[in-house]
Amino acid sequence: MLTRSLALWALALTLAAPAFANEVNVYSYREQKLIQPLFEAFTKDTGIKVNVISASSGLEQRIKTEGANSPADVLLTVDVARIQDAIDAGVTQPIKSAVLDKAVAPQYRDPDGAWYGISMRARVVYASTERVPQTAITYEELADPKWKGKICIRSGQHMYNNALFAAYLAKHGEAKTEAWLKGLKANLAQKPSGGDREVARDIAAGKCDIGLGNTYYWALMNDKEADRKPWAAATKVILPSFEGGGTHVNLSAVVLAKHAPNKDSAIKLIEWLMGEHAQHLYADMNYEYPLLSEIKVNPTIASYGTLKPDKLPLSEIAKNKKGAANLVDKVGFDN
Ligand SMILES: [Fe+2]
C-alpha cells in the first residue's frame with residue numbers, strides 16, 4: 001500500500017511539474033487588471049508561470065537596490081520617461097531577438113536593444129460634439145486665442161503632458177515652446193486638474209469645449225464604463241498633428257533586467273507579448289495601438305481616423321523632458 005501511494009505521489013509530481021517547470025518574474029507599472037489576462041494567456045500557451053510585482057513608482061530603483069540578487073526578469077513599463085529611468089538606473093541588459101527585430105519597427109525600439117515598444121497610444125484632443133464643429137486641429141493651434149477660456153487639461157507635469165511638451169520643445173525650441181505654453185495656459189477654462197477622463201467629464205458639463213486625453217480613455221468610457229458613457233457621448237476625438245508632422249504618440253515598453261535569473265523565459269515572454277495573441281489583447285482589451293503591423297486596431301479606436309504617428313524619435317523626447325518640466329514651472333502652468 002505504501003509503495004502504491006508513493007508511486008501515486010511521484011506520478012502527481014511529474015504531472016504537476018511540467019505546468020510550472022519555468023517561471024518568470026515581472027515587475028510592472030501597468031495596471032493589474034490590464035495585464036493579468038495577458039499573463040494568464042501566456043501561461044496557458046507556454047506553461048511558464050508569471051510572478052508579478054506591481055507598483056506605480058520606484059521599480060527601477062528597487063531593481064537597482066536588489067542588485068545581482070534581484071529576482072526581476074522583465075520590467076513592463078509605460079511612457080518614455082520611465083523607459084529612460086530604467087536605462088539611467090543601469091538595470092537593463094540588451095534584448096537580443098531576431099523575432100522582435102522583425103516584429104517591431106526601428107522607431108519603436110532602442111537601437112541597442114535596451115527596450116522594445118509593445119503597444120502605442122496617442123495624445124489627442126477631446127472636443128465637444130455640440131460646440132466644436134472642426135474635425136482637424138494642430139497642437140500649435142491650442143495656444144490660439146480663439147480657444148480662450150475653452151480648454152481643460154490635467155497637470156502640465158503629468159508624464160503624458162510632459163512627453164507632449166517635450167516633443168514640442170524638441171521641434172520648436174525653448175522660446176517658441178514657452179510662448180506656446182503661456183498661450184495654452186491663457187486659454188484654460190480652469191486650473192489644470194483631474195485625469196484625462198475628467199477632461200471629457202468637464203466638456204460634457206459645459207465647463208470647456210476641448211481638452212487633451214489619451215486615445216484609450218475615450219474608448220474605455222464609450223465601450224466599457226457605463227457610468228462614464230455620457231462623457232464620451234458628449235465628446236469626439238480629433239487626432240491632432242504638429243504643423244508639418246504627425247500625432248504625438250507614446251509607448252508601453254519592455255526591458256530585460258540586467259541580472260534576470262530566468263532569462264530564457266523572459267525572452268519567451270517578451271517575444272510572446274509581440275505575438276498575435278497578445279497584440280490582439282492589447283488592441284481589444286487595452287484599446288492600444290498594436291505594434292505588430294498585421295493586427296488591426298479596435299473598431300472604436302479606428303473610428304478616430306487613421307493615426308499618422310509623429311516621426312520624432314523617442315530619444316529626442318526623452319532628452320527634452322527636463323526642459324519641458326522647467327518651462328511648465330516657469331510659466332506657472334499648474335498655478
Ligand atoms: Fe493612462
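Before reading on, note that the structure itself is shown above.
Residues numbered from 1 in each chain as written. Predicted model: local features only at pLDDT ≥ 70, side-chain atom pairs only at ≥ 80, totals over all residues. Heavy atoms only, no water.

Draft legend 1. Broad picture of the coordination of the iron ion. Looking at the metal site, the iron ion is ligated by Tyr160 (OH), Tyr216 (OH) and Tyr217 (OH), spaced 2.0 to 2.1 Å from it. Site description for the iron ion: donor spacing in sequence, Y-x55-Y-Y. Of this pair, Tyr160 sits in helix α6 (residues 159-172) while Tyr216 is found in helix α9 (residues 215-223), placing the two residues 56 residues apart along the sequence. In this structure, Tyr160 and Tyr216 share a single accessibility class: buried. (Donors = N, O, S within 2.8 Å, 3.2 Å for Na, K, Ca; no water. Helix = DSSP H or I, 4+ residues; strand = E, 2+ residues; numbered from the N terminus. Buried < 20%, exposed > 50% of the residue type's maximum accessible area, 1.4 Å probe, protein only.)

Draft legend 2. Region of the structure containing the pairing of strand β9 (residues 249-257). Counting buried residues along β9, 9 of its 9 residues qualify, which places the element largely inside the surrounding structure. Here strand β4 (residues 92-93) runs beside β9; their pairing, made up of 2 bridges, is antiparallel. The partner of Gln93 across the bridge, within β9, is Leu256. Alignment of strand β5 (residues 116-128) against β9, held across 6 bridges, turns out to be antiparallel. Across the sheet, the residue bridging to Ser119 is Ser252, located in β9. (Pairing = 2+ DSSP bridges.)

Draft legend 3. Highlighting the environment of Pro261. By secondary structure assignment, the location of Pro261 is in the loop between β9 and α11 (263-273). Separated by 192 residues in the primary sequence, Pro261 and Asn69 place their C-alpha atoms 8.6 Å from one another. Excluding residues that lie within four positions of it along the chain, Pro261 makes contacts with Ser70, Pro71, Ala72 and Asp73. (Contact = heavy atoms within 4.5 Å.)

Draft legend 4. Geometry of the nonpolar core. If you look at the biggest cluster of nonpolar residues, it comprises 113 residues, and the most contacted ones within it are Tyr126, Leu142, Phe165, Trp180, Ile210, Leu273 and Phe333. Sequence-distant contacts of Leu273, that is, excluding residues within four places in its chain, are made with Leu38, Leu76, Ile118, Ala278, Gln279 and Tyr282. (Core = buried A, V, L, I, M, F, W, Y, C linked by side-chain atoms within 4.5 Å.)

Draft legend 5. Region of the structure containing the state of the cysteines. Overall, the coordinates contain 1 disulfide when judged by the stated rule. Between the sulfur of Cys152 and that of Cys208 lies a disulfide, 1.9 Å long from S to S. Its S-S torsion of approximately -105° makes the covalent link between Cys152 and Cys208 left-handed. Here the residue Cys152 occupies a position in strand β6 (residues 151-152), and Cys208 occupies one in the loop between α8 (196-204) and β7 (210-214), the gap between them amounting to 56 residues. (Disulfide = S-S within 2.5 Å.)

Draft legend 6. Just unusual backbone geometry, in detail. One non-glycine residue, Asp79, adopts positive backbone phi at about 90°. Mapped onto the secondary structure, Asp79 falls in the loop between β3 (74-78) and α4 (80-88). Positioned with a positive phi, Tyr287 is a non-glycine residue whose angle comes to about 55°. Among the structural elements, Tyr287 can be located in the loop between α12 (276-284) and β10 (289-290).

Draft legend 7. Region of interest: the pattern of salt bridges. According to the stated counting rule, one finds 17 salt bridges in the structure shown. For the salt bridge of Asp196 with Arg123, the shortest nitrogen-to-oxygen distance reads 2.8 Å. Taken as a pair, Asp196 in helix α8 and Arg123 in strand β5 lie far apart in primary sequence, 73 residues in all. A salt bridge links Glu178 to Lys330, with the nearest nitrogen and oxygen atoms 3.0 Å apart. (Salt bridge = Lys/Arg side-chain N within 4 Å of Asp/Glu carboxyl O.)

Draft legend 8. Just the packing of helix α2 (residues 32-46) against α12, in detail. For the pair α2 and α12, the least separation of the axes is 10 Å and the interaxial angle reads 165°. In terms of orientation, α2 and α12 fall into the roughly antiparallel class. Like other packed secondary-structure pairs, α2 and α12 cross with a definite hand, here right-handed. Contact with α2, carried on its side by Pro37, Leu38, Ala41 and Asp45, involves His277, Ala278, Leu281 and Tyr282 of α12 and no other residues of that element. Among the residues making up the contact of α2 with α12, the classes are represented as 6 nonpolar, 1 polar and 1 charged. (Axes fitted to C-alpha atoms, helices over the stretch in contact; angles between N-to-C directions. Parallel < 35°, antiparallel > 145°, perpendicular 65-115°, else oblique. Left-handed = near helix turned anticlockwise from the far one by under 90°. Nonpolar A, V, L, I, M, F, W, Y, C, P; charged D, E, K, R; others polar.)

Everything listed is a geometric property; what it means functionally is a separate question.
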